[in-house]
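Next come the chains, spelled out residue by residue.
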Amino acid sequence: MTHKQLNLSDAIQVLVLILLSLAGNIFSYQLFFGIDFVFGSIFSFLAARMFGFKTGLAAVIVSSLYTLFLWHHLYGAIAFILELILVYTLSKRKSYSFILIDVLYWLIIGIPIILLSYSLLLNISWGHSFLVALKDGINGIFNVIIFSLLHVAIQMIKKNQQIRFQELLFIMFSAVFLIPSLFLFGYEGSKEYKEELDKLQLILEKKSQFTSNYLSNWRQTHEAALSNLKISLDEPHLAELGKSMPLLEDLYVYDSSLHLAYYYTKNKKQPFYPAKLLTDTSMPYVTGVYRDALLKADMTSLVVPIKEKGFSGYVIGTYKMEPLLKQLNHQDMRQTDVSLSLFSDSLIEHQRLTSIKSQVQAGLMKDHTIYLMEPDNLFVSKVSVWQDSYFVEKINLPYIPWDLAAKVPIEPYQSKLYGNYTGILLFMLLIIFLALIAAYFLSRFLVSSIKKLSLLTDQLSAKRLDAAAIIWPKSSIREVSRLIQGFERLVSDFNLVLGELRKKQSKLEYFAHYDVLTNMHNRYSFSIELEKALQKARREETILGVMYCDLDRFKLINDSLGHEIGDELLKGIGDIIREVCGSKAILCRHGGDEFLIAVQGIKNADELEILSQQILKKLKQPIPVEGHEVSVSCSIGISLFPYHAETQEELLTTADIAMFRAKEKGKNTYEFFNPVLRDTRERKLEIEKELERAFENKEFFLYYQPQVDLVSKKIVGAEALVRWQNPRLGNISPGEFIPIAEETGFIRTLGEWVIEEAAAGLQKLRSAGYCDISFSVNISIKQFYHQSLPDILSQKLEEYEVPRERLKIEITESVVIDHLELVLSQLQRIKELGIEIALDDFGTGYSSLNYLKKLPIDIVKIDRSFIQDIIDDAQDAAIVQAVISIADSMNLNVIAEGIEKEEQSRLLGEIGCRQGQGFYYSRPVPLDTLTDILSIDAILAD
């Protein structure tokens, strides 16, 4: 876990783990005679793995401090601290199993440290030191196994880390093999310990029974001897009696007044006996132990009451305790390691042994008064304490008031038990070694095939899923074998799918770079190739030309002949361009009817001019397409590197600008880029930007050009024309801003405003009394895209209370031709509303007469191009007269546009034209001026 600032939850967990680590050592499990199992390192390792090395180190140091009080030395604590440092560090660096590293640590470092420190520094025998070292090693290994199991469980619960399957199996197998063995070790150890304790207890019981029997006989024998003493005997007889009793020290005879009558002493020069020990009783008794000040020895006495020949008193025999106890120990040759001692609570501290007490509670020993006599220096190792200690049991003697106890040294039993346990621990160490080997190879055997399968699945993409090249692992485990077979089938099936995907991928890669119809580069691929060509041109200092080709009126072909024929036509056009340009050109279908051509290594602009002329010439020739012969034209814009642009983006932009200029010149031509064209484009961008706020700033207004009856010379209507006065750009003509408004979609908002202003103007004229005047407004194709156009017209007329016949709409012939179906349905609805429809610019498009039959129009406006030369050009005059005749036959009104001379007005009237408009009558004027004109019934002319 990476080091980071602990939050409150983490801090609580760390504290809990440190406390558990400390508790694991405080509540140690004592096996026998100074041998303890501690469990603190389990939680120290958990703290290290979960919260980092420093946390684990703090936990093991805190918990190890208690072992100083538990074992009275620091060598065990050092071994456990080193265990965490080395095992954790190695496992993090090498990613080896904690259990394996821990076993190696104890075999190489831990056990030798304990062995040498106990034997050399604590002066404990090699045998005992070896046992302690083995015990600590197995203790440490056991703790790491428990830690590994807990850590795996935590990982599985939290699901925040992954564990290798082989490591999981190794931990589980190690636990399965070793934990039962450790419990067996504990069971066998407890059994051995109980047997030794039972032996000790039996020895003490036998010693106690023998002592009780012996002293009972001794008391009875000496009591009988003293009871047979005659008062007539003098002092020499006392001496003779004393000599016959070898353990007897002195003989005294006291009368009933406690005056000494006779005495016999073996070693004293004068008698000494504390008469206060005598009690008035008729029965013999043994006194307690007292201190003889002259002999400086512990003494006891046997008192026998005497009453004979007028004498009443006591016969007293005194004995030294030391020879008496030696005699007792000498008589019992079977228990040479048990000795009898006098104990007094005032002379020696008796402490009930805790472990013995726990054994009694566990039912392993009978509840006897067994004490532990420890050495005065308790600040040594527990092994030494037990080695120098004794088990002591008080002996209950009938009729003898002595504090007598049997004392047995622990060391022989400790050594025997240590020897037995050393064999068990060595066997355990062998079991651990064999179990780890078995766990390792068993886990590896179970995981090897799965591991190989996992590696194979990681490399499947690198092997390109070639099933024939994969060597699948074999396994004797049925489920694993089935899993491998399943993967083998899956890869085989996937190979089939992948083969199909590769085929489709090659097609997708082609589609990602090439146009399907023409097999030319698409935009993305062309951009890459053009950039390469530019870099080459820069290096070789050559000219690179880009031609932007846009087909003219291609939508008309799609609408009239269908999209399928249109697609076939595009294929044919692509073949023509490829044939003309050759292999040195980079070709691209840029859009629906747009093509880009990049020509490398040209010497001058003449080469591109010739190439453009060839393309235009070829395209003008009829192209056979599914039974049709179609001719198309094209507008071409040309830009040159490095003269017109330096970058790819600039080349395309300048070629596009030149292409639009070619269209403005009448289409079916080519145009080289000129900086002036850029100015035109920039002007267009400025207008587009100003359009966004012109409406809000109320910069638009309407002018009205009167329409005059050519017979009566009266104004019968006016065409509403929008004008724009911009504070920055000045007056902007409709020819400039109307196309831009159509491109940006602003035309719809502007068109609705024009309709509303015209309706409002009609309302003002009607309020002024001019009710016969009609206004006409121009409708853009963009307005026809919205089905709401008829509703808007109707709504505005109703809002301003204008009769519907007083508002007329004008549409251009080009709008009708390019969008016939869309426009026709809308015109029918407008016609049903009672609004008249005028066809503007008549004669400038194709099939004009045919559209007069199809469209629900009321008025035909003859284009000014036919009116300008009507006086001098007999052909124009004939065309105009023919149009008027056709219109009359179809009951259509005719308005001539662009009348600028009196002769034109007179001639049009003579040939039957009903109405006209132009500068001859009046330029477009504001509404107020139009009102003034109507008021004086005059016409403004130049």
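Note that the structure is predicted; figures quoted are calculated from it, not measured.

Novice: Residues and numbers for the overall build of the protein, please.
Specialist: Scanning the protein for helices and strands turns up 30 helices and 28 strands. Restricting the contact set of the protein to residue pairs at least 6 apart, pairs at least 24 apart contribute 64%.

Novice: Describe the packing of aromatic side chains, with residues and values.
Specialist: Under the defined criterion, the tally for this structure stands at 21 aromatic pairs. Between F80 and W106 the ring centres are 5.5 Å apart and the planes differ by 70°, which places this aromatic pair in the edge-to-face class. Of this pair, F80 sits in helix α4 (residues 75-94) while W106 is found in helix α5 (residues 98-121), placing the two residues 26 residues apart along the sequence. In terms of burial, F80 and W106 fall into one category: buried. Relative to W724, the ring of F700 has its centre 5.4 Å away and its plane inclined at 35°; by these criteria the two rings are tilted. Residue F700 is located in strand β20 (residues 700-709), and its partner W724 is located in strand β21 (residues 715-726); the two are separated by 24 residues in the primary sequence. Just as F700 is buried, W724 falls in that class too. Across from the ring centre of F919, 4.0 Å away, lies the NZ or CZ of R923, which sits over that ring.

Novice: A description of the environment of L340 should follow, citing residues and the corresponding values.
Specialist: With respect to the helices and strands, L340 occurs in strand β9 (residues 339-342). Taking the C-alpha atoms as reference, L340 lies 9.6 Å from E322; in sequence the two are 18 residues apart. In this structure, L340 is in contact with K207, T211, L325, L328, N329, I395, L404, A405 and A406, ignoring residues within four places of it in sequence.

Novice: Describe in detail the sheet that holds strand β15 (residues 594-602), supporting the description with residues and values.
Specialist: What the five strands build is an open sheet, ordered β14-β15-β13-β18-β19; its pairing is mixed. Looking along the sheet, the strands with just one partner apiece sit at the ends: β14 (585-589) and β19 (670-672). For this sheet, the mean inter-axis angle between neighbouring strands, taken without regard to orientation, is 15°. Of the strand pairs in this sheet, strand β13 (residues 543-552) and strand β18 (residues 633-641) are connected by nine bridges, and their pairing is antiparallel.

Novice: Outline the environment of Y314, listing residues and values.
Specialist: Take Y314: it is sitting in strand β8 (residues 311-320). Given the relative accessible area of 8%, Y314 is considered buried. Residues Y314 and P284, spaced 30 residues apart in sequence, show a C-alpha to C-alpha distance of 9.3 Å. Reaching out from Y314, the side chain makes a polar contact with the side chain of D280 at a distance of 3.5 Å.

Novice: Go over the confidence of the model for the protein, please, and point to the residues and values.
Specialist: Residues at a pLDDT of 70 or more form 77% of the protein, whose mean pLDDT is 78. Per-element averaging of pLDDT across the protein places helix α10 (residues 354-361) at the bottom with 39 and strand β28 (residues 915-917) at the top with 94. Ignoring residues within four places in sequence, the model shows residues 346-367, a span with pLDDT below 50, making 36 contacts including any to other chains.

Novice: An account of unusual backbone geometry is requested, with residue identities and associated values reported.
Specialist: The peptide bond linking F641 to P642 adopts the cis configuration, its omega dihedral lying at 10°. Mapped onto the elements, P642 comes out in the loop between β18 and α18 (648-664). Positioned with a positive phi, K698 is a non-glycine residue whose angle comes to about 55°. Structurally, K698 is set in the loop between α19 (675-694) and β20. You can call K698 exposed: its relative accessible area is 74%. If you check the backbone angles, E801 has positive phi at about 55° while not being a glycine.

Novice: Go over the pattern of salt bridges, please, and point to the residues and values.
Specialist: Applying the stated rule across the entire model yields 28 salt bridges. Among the ionic pairs, E690 bridges to R728, the shortest N-O distance being 3.1 Å. Taken together, the residues E690 in helix α19 and R728 in the loop between β21 and β22 (730-732) connect sequence positions 38 residues apart. The buried category is assigned to E690, whose relative accessible area is 5%. In this structure, R829 and D791 form a salt bridge, with 3.3 Å as the shortest nitrogen-oxygen distance. Here R829 is found in helix α25 (residues 820-832), whereas its partner D791 is found in helix α23 (residues 789-799), with 38 residues between them in sequence. Here the salt bridges share partners, and the residues they tie into one network are E686, E690, R693 and R728.

Novice: Which residues make up the packing of helix α21 (residues 747-767) against α23, and what are the values?
Specialist: In contact at an axis separation of 9 Å, α21 and α23 are set at 25° when each is read in the N-to-C sense. The angle between α21 and α23 places the two elements in the roughly parallel class. The interaxial crossing formed by α21 with α23 has right-handed handedness. Taking contact as the criterion, the partners of E752, I755, E756 and A759 in α21 are, on α23, L789, I792, L793, K796 and E799. Its residues assigned to classes, the contact of α21 with α23 comprises five nonpolar, no polar and four charged.

Novice: Got a sec to walk through the side chain of D840? Specific residues and values, please.
Specialist: Among the structural elements, D840 can be located in strand β25 (residues 836-842). In contact with D840, not counting residues within four places along its chain, are N778, E810, I811, T812, E813, K861 and E897.

Novice: Could you give an account of the nonpolar core, with specific residues and numbers?
Specialist: F700, F775, V777, I809 and L908 are the most contacted members of the largest nonpolar core, which has 77 residues in total. Ranked by residues supplied to this core, first place goes to α21 with ten residues. Setting aside anything within four residues of it in sequence, one finds L908 in contact with L710, I867, I870, V880, A896, I899 and C913. Within the second largest apolar cluster, 46 residues are counted, among which are I35, L46, I101 and I424.

Novice: So what's going on with α23? Which residues, and what values?
Specialist: Structurally, the α-helix is built with 3.6 residues per turn, so residues lying three or four positions apart point the same way. Within α23 the residues assigned to the buried category are L789, P790, I792, L793, S794, K796 and L797. Backbone geometry just after α23 places E801 at a positive phi near 55°.

Novice: Go over the pairing of β21 with me, naming the residues and quoting the values.
Specialist: Along β21, nine of the twelve residues are buried, which leaves the element largely enclosed by surrounding structure. Two strands pair when backbone bridges link them, and β20 and β21 are joined in this way by nine bridges, in the antiparallel orientation. Bridging across to β21, P706 finds its partner in A718. As defined by bridge partners, β21 adjoins strand β23 (residues 774-778) across three bridges and the pair is classed as parallel. What sits directly across from G717, in β23, is S774. Taken together, the three bridges between β21 and β22 define a ladder with antiparallel strand orientation. Within β22, the residue paired with Q725 across the bridge is N731. Connecting β21 to the antiparallel partner β22 that follows it, the hairpin turn spans three residues.

Novice: Report on a nonpolar patch on the surface, specifying residues and quantitative values.
Specialist: A grouping of L8, I12, V16 and L20 is seen on the molecular surface, where their side chains present a nonpolar patch of about 370 Å² in accessible area. Relative to the helices and strands, I12 is located in helix α1 (residues 8-26).

Novice: Before we move on, can you summarise the packing of helix α16 (residues 563-581) against helix α17 (residues 605-620) with the specific residues and values?
Specialist: Where α16 meets α17, the closest approach of the two axes is 10 Å, and the angle between their N-to-C directions is 145°. Crossing geometry of α16 relative to α17 is assigned as right-handed. Residues I573, I576, E579, V580 and C581 of α16 form the contact with α17, whose participating residues are L611, Q614, I615, K618 and L619.

Novice: Please provide a residue-by-residue account of the environment of E699, values included.
Specialist: If you trace the backbone, E699 turns up in the loop between α19 and β20. Separated by 27 residues in sequence, E699 and N726 have C-alpha atoms that sit 6.2 Å apart. Of the polar contacts made by the side chain of E699, one reaches the side chain of N726; its length is 2.9 Å.

Rules and cut-offs
- Residues numbered from 1 in each chain as written.
- Predicted model: local features only at pLDDT ≥ 70, side-chain atom pairs only at ≥ 80, totals over all residues.
- Heavy atoms only, no water.
- Helix = DSSP H or I, 4+ residues; strand = E, 2+ residues; numbered from the N terminus.
- Contact = heavy atoms within 4.5 Å.
- Phe/Tyr/Trp six-rings, centres within 6.5 Å; stacked < 30°, edge-to-face > 60°.
- Buried < 20%, exposed > 50% of the residue type's maximum accessible area, 1.4 Å probe, protein only.
- Lys NZ or Arg CZ within 6 Å of the ring centre and 35° of its normal.
- Pairing = 2+ DSSP bridges.
- Axes fitted to C-alpha atoms, helices over the stretch in contact; angles between N-to-C directions.
- Polar contact = N/O pair within 3.5 Å; in protein donor to acceptor, adjacent residues only side chain to side chain.
- pLDDT = per-residue confidence, 0-100.
- Salt bridge = Lys/Arg side-chain N within 4 Å of Asp/Glu carboxyl O.
- Parallel < 35°, antiparallel > 145°, perpendicular 65-115°, else oblique.
- Left-handed = near helix turned anticlockwise from the far one by under 90°.
- Nonpolar A, V, L, I, M, F, W, Y, C, P; charged D, E, K, R; others polar.
- Core = buried A, V, L, I, M, F, W, Y, C linked by side-chain atoms within 4.5 Å.
- Patch = residues over 30% accessible without salt bridge, like charges linked within 9 Å, V, L, I, M, F, W, Y side chains within 5 Å.
- Areas by Shrake-Rupley, 256 points an atom, 1.4 Å probe, with all protein chains shown as cover.

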